Amino acid sequence: MSTPIDVLVTENIVGQPMDELRGKLSVALEPDLWKKPDLLAEKIATPRALVVRNQTRVTEDLIRAAGRLEIIARAGAGLDNVDVEAASRAGVVVASTPIQNAVSVAELTLGLMLSLARRIPEADRHVKAGGWARQNYYGTELFGKTLGVVGFGRIGFLTAMRARAFGMEVLAYDPYVDPDSLPMIEAQPILVELDELLRSSDFVTCHLPGGKQTQGLLGYDRFCRMKPAAYFINVARGEVVDEAGLLRALDERRLAGAALDVRSTEPPESDAFTRRDDVILLPHIGAFTHEAQHRVVASVCRDVQAVLGGGRAINYFNFPIPRKQVDGL
Ligand code: MLT
């Protein structure tokens, strides 16, 4: 008789902490299962833990089908692919990794700002094609420019601190931020309304969570408020941007360029952005550094092991132990 699966992993989540977890519990690593929701709905009946990234849709129906589930561990920060309310109603712990990849995402943001400002990808393609026309590759400095941070959470804060080191002014838009919080005191951004941020910034970077509240927040009208020489960067969630609106604004030269690490559909189905030299495209790699992934995988494995062993998750979002255990649900 085969051992029942304790932990079902539905995306590519590997590394030493996962190897160690596999030595202690029965773990099924199925990196492509997120692509087969019907099969996932069958396989979810027995595991006590589900480990996902951002591509598995953890819906209410899936959670209902998961009769023995105690913890959903999200290897990443955003929980927009997990129905947290349904999990809470079912008494299932939801854990995530809210800070583990923040430095990597902030560093990538600075990398994209420099890439846009100095046209690095374009110049690289030019040299590889045999060119040396450096007079065509004038760029712009970050020094003395204004960075607008849309969403001043952990990543927005870390990005602002790094931008300060480049001698940039920082504006921030975040209706939920506490003006007396440590990040605000430390980074000292000027808090402004979104339209003012768009009007006044030379670089606008988006660090908002996904979800209904932010969906399509940045569309054509808002891009038209940016300076014609300004750049837009999105390393947060693709759905925050209305991509058709961004394309139209770029066509009309309402802004100078954009860098997108995240897309409304991933991978994108058809892509008008690929033909543009003023747009840099990446395949959602903000969190993909060795350091961040080690922290992320270590955190989810530790929380899964704790909960399945009758202990408490550290990075829980709703509650640290399954409420099934507390209330006999
Ligand atoms: C996150 O939410 O942490 C990032 O988008 C990384 C990911 O989903 O893989």
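Residues numbered from 1 in each chain as written. Predicted model: local features only at pLDDT ≥ 70, side-chain atom pairs only at ≥ 80, totals over all residues. Heavy atoms only, no water.

A count of helices and strands for the protein gives 13 helices and 12 strands. For 329 residues, the compact-globule formula gives about 20 Å, and the C-alpha radius of gyration of the protein, at 22 Å, lands near that figure. Principal axes of the C-alpha set define a box for the protein whose edges measure 70 × 50 × 35 Å. Here the protein holds 329 residues, and 49% of them are scored as buried. Put simply, of all contacts in the protein between residues at least 6 apart along the chain, 60% involve residues at least 24 apart. (Helix = DSSP H or I, 4+ residues; strand = E, 2+ residues; numbered from the N terminus. Rg over C-alpha atoms; globule rule 2.2 N^0.38 Å. Buried < 20%, exposed > 50% of the residue type's maximum accessible area, 1.4 Å probe, protein only. Contact = heavy atoms within 4.5 Å.)

The subject of this paragraph is the environment of Arg248. Structurally, the position occupied by Arg248 is in helix α11 (residues 243-251). In the structure, Arg248 is positioned 25 residues away from Phe223 in sequence and 9.3 Å away in space, judged by C-alpha atoms.

Most of strand β7 (residues 169-173) is tucked away: 4 of the 5 residues are buried. Both β7 and strand β8 (residues 190-191) contribute to a ladder of 2 bridges, which runs parallel. When the sheet's bridge partners are listed, Leu171 is paired in β8 with Ile190. Note on the crossover from β7 through helix α8 (residues 182-187) to β8: the handedness is right-handed. (Pairing = 2+ DSSP bridges. Right-handed = clockwise from strand over helix to strand, strands pointing away.)

Moving on, we get to the domain arrangement of the protein. Interface extent is often summarised as the accessible area lost during association of the parts. Split by domain assignment, the protein resolves into domain 1 (7-100 + 290-308) and domain 2 (102-281). Taking only C-alpha atoms into account, the centre of domain 1 sits 31 Å from that of domain 2. Every contact between the two is made by 9 residues of domain 1 and, on the other side, 8 residues of domain 2. Overall, the association of domain 1 and domain 2 removes approximately 640 Å² of surface from exposure, summing both partners, and the carbon and sulfur fraction of that is 40%. Taken together, the connections running from domain 1 to domain 2 amount to 1 salt bridge. Linking Asp80 and Arg237 is a salt bridge whose minimum nitrogen-to-oxygen distance equals 3.1 Å. The interface formed by domain 1 and domain 2 holds 2 residue pairs in polar contact (both at pLDDT 80 or more) in total. By residue class, the composition of the side of domain 1 that touches domain 2 is 3 nonpolar, 4 polar and 2 charged. (Domains from an automatic or database assignment. Buried area = accessible area lost by both parts, 1.4 Å probe. Salt bridge = Lys/Arg side-chain N within 4 Å of Asp/Glu carboxyl O. Polar contact = N/O pair within 3.5 Å; in protein donor to acceptor, adjacent residues only side chain to side chain. Nonpolar A, V, L, I, M, F, W, Y, C, P; charged D, E, K, R; others polar.)

Let us now look at the sheet that holds strand β2 (residues 27-29). One open sheet accounts for 5 strands, arranged β2-β1-β3-β4-β5; its pairing is parallel. For this open sheet the edge positions go to β2 and β5 (93-95), each flanked by a neighbour on one side alone. Geometrically, the sheet is characterised by an average inter-axis angle of 15 degrees between neighbouring strands, direction not taken into account. Note that strand β4 (residues 71-74) and β5 share 3 bridges and pair parallel. (Axes fitted to C-alpha atoms, helices over the stretch in contact; angles between N-to-C directions.)

Spanning 19 residues, helix α12 (residues 290-308) covers 27 Å between terminal C-alpha atoms, matching the ideal 27 Å at 1.5 Å per step. Downstream of α12 by a residue or two, Gly310 has a phi angle that is positive, lying close to 90 degrees. (Expected span 1.5 Å × (residues − 1).)

Let us now look at the sheet that holds strand β12 (residues 279-281). Ordered in space as β8-β7-β6-β9-β10-β11-β12, the 7 strands form an open sheet in which the pairing is parallel. If you trace the sheet from one side to the other, it starts and ends with β8 and β12, each paired once. Where strand β6 (residues 146-150) meets β7, 5 bridges bridge the pair, whose relative direction is parallel. Note on β7: the bridge partner recorded for Val149 is Ala172.

Residues in contact with the ligand, as listed here, are Asn54, Arg74, Gly76, Ala77, Gly78, Asn101, Arg237, His284 and Ala287. Within the contact set of the ligand, an oxygen atom lies 2.9 Å away from a side-chain nitrogen or oxygen of Asn101. Between His284 and the ligand, the recorded distance is 2.7 Å, taken from a side-chain N or O atom to an oxygen atom. Classifying every residue of the shell around the ligand gives 2 nonpolar, 5 polar and 2 charged. (Near = heavy atom within 4 Å.)

By the secondary structure assignment, Ser115 is in helix α5 (residues 102-118). Overall, the relative accessible area of 15% leaves Ser115 in the buried class. For the pair Ser115 and Gln16, spaced 99 residues apart in sequence, the C-alpha separation works out to 33 Å. Excluding residues that lie within four positions of it along the chain, Ser115 makes contacts with Ile120, Pro121 and Ile280. At a separation of 2.7 Å, a polar atom in the side chain of Ser115 contacts the main-chain carbonyl oxygen of Gly111.

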